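# Secondary and tertiary structure notes
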Amino acid sequence: MIDSVPEGRSTVRGLPGCPPEVTALRARVDTFVRTRVMPFEPVLDAGGAEATERMRELQRQAKQAGLWALPLPVELGGQGLPLSHYAHLAEAEGASDHGPLALGSASLLDVLMLSRHATAPAQERYLARIAAGELRACYAMTEPDTPGTDPKLIATRADEDADGGTWQIRGRKWYITGAGDADLVTVVARTDGEAPRADGLSLLLVPTTAPGFRVVRELPVLGAGGQWEIELDGVAVGPDHLVGPRGHALRIAGERIGLGRILRCLRWLGQATRAFDLMCTRARSRAQSSGPLADRQLVQQLVFDALLAIRSTRPLVHEAVARLEAGEDARVETGLAKVAAARMLQQVADAAIQVHGAAGLGPDTPLPALFRAGRTARLLDGPDELHIASVARRVLRD
């Protein structure tokens, strides 16, 4: 998509609470995403060999600029930023869907999960290469025929050979981000008992080159790609590919999903800010016979409401960040942040489209993609209704 934000104008200006030691780095990340990533979004969105080559070049540039893997551990080639600092950069990265991958932070959840729970042989084989961007990993939990909101019903099975040397995995997974060109998939599978036994689920690493692994199809989301369905037909992996103790999948997944939801919220803030700036630019530059759109009260109302939504959501997200980093229970804060950020992104993108008129519906701005992201956000990582009910029950009980 072509972004009409003027060159040199930051889309993340004036962020309250950004630590002084992070401000300059944030500006560099913002400039990199706007000037190097966004111009190539049409190529990256299309996928294929040209997109792969362009992404490799962007990753090379990020490493050269000293912006690679900012939140990843230092021992794995990252820069070890604490979550409270990285959170202010994640907005700038996430203004483009391709920003986190270009800057090497998209692997954060996989790197943390494997560094904490994978076996030593699996860490030696995969961890450093994932952190360096040489391997791409993804996570497969949801299934076509079981409700994603109730993982205890997962039907994919992994059966251990009699000698305990190999796991045989059978099942289907879908809506897996990046599975089309992934090298490694973490699969949630039932290893013991029957549904809905929660402690019968385990995590297994599956190389996508393993016999029996098949990409079934790409799943367009409101017309856009990037999500995939896979099949595992007797895929065999060794015991060293078990992640964490047998039967502990949901406990480990809880760690991953909690941080993952917050990272999504931060990136949604970045995307909403991008839509907001496009809206303001359009309102100032588009004129009718009676004057610019910016002089119309209804346009001013859209601008005000969008800014209010962004400024109201940001503190909720950073409160959840603070509790996560402190090791405290952040389930209420994460639920509030997730619902607020999803609604906020859809609202702001919708307002920006309204101010653009017909131009906001076509291919010349990123607004259709941003609106699609906002609508999708209300289902990703659990539908809003799940979080609303969960937070309300917890508050009423406590």
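Residues numbered from 1 in each chain as written. Predicted model: local features only at pLDDT ≥ 70, side-chain atom pairs only at ≥ 80, totals over all residues. Heavy atoms only, no water.

We now examine the overall build of the chain. When helices and strands are counted, the chain shows 12 helices and 10 strands. Scaling as 2.2 N^0.38, a compact globule of 398 residues should have a C-alpha radius of gyration of about 21 Å, and the chain matches this with 22 Å. Burial analysis of the chain (398 residues in total) assigns 51% to the buried set. Sequence separation of 24 or more characterises 71% of the internal contacts of the chain that already satisfy a separation of 6 or more. Side chains of the chain carry 46 positive and 48 negative charges; the gap between the two charge centres is 4 Å. (Helix = DSSP H or I, 4+ residues; strand = E, 2+ residues; numbered from the N terminus. Rg over C-alpha atoms; globule rule 2.2 N^0.38 Å. Buried < 20%, exposed > 50% of the residue type's maximum accessible area, 1.4 Å probe, protein only. Contact = heavy atoms within 4.5 Å. Lys, Arg positive; Asp, Glu negative; His and termini not counted. Charge placed at Lys NZ, Arg CZ, Asp CG, Glu CD.)

So, about the nonpolar core. Core analysis: the largest hydrophobic core is formed by 89 residues, its most contacted members being Leu114, Val188, Leu203, Leu266, Met344 and Val348. With 17 residues, the single largest contributor to this core is helix H8 (residues 249-285). Sequence-distant contacts of Leu114, that is, excluding residues within four places in its chain, are made with Gln123, Leu127, Ile130, Leu205 and Val243. One finds Ala140, Ala189, Val206 and Trp228 within the second-largest nonpolar core, a separate group that totals 21 residues. (Core = buried A, V, L, I, M, F, W, Y, C linked by side-chain atoms within 4.5 Å.)

Before going further, it helps to spend a moment on helix H1 (residues 20-37). The first and last C-alpha atoms of H1 sit 25 Å apart over 18 residues, in line with the 26 Å expected at 1.5 Å per residue. The complete set of buried residues in H1 reads Val22, Leu25, Arg26, Val29, Asp30, Phe32, Val33, Arg34 and Val37. (Expected span 1.5 Å × (residues − 1).)

On average, residues of the chain score 94 in pLDDT, and 96% of them are at 70 or above. Here residues 1-14 scores under 50 on pLDDT; set against residues more than four positions off or in separate chains, the count is 42 contacts. (pLDDT = per-residue confidence, 0-100.)

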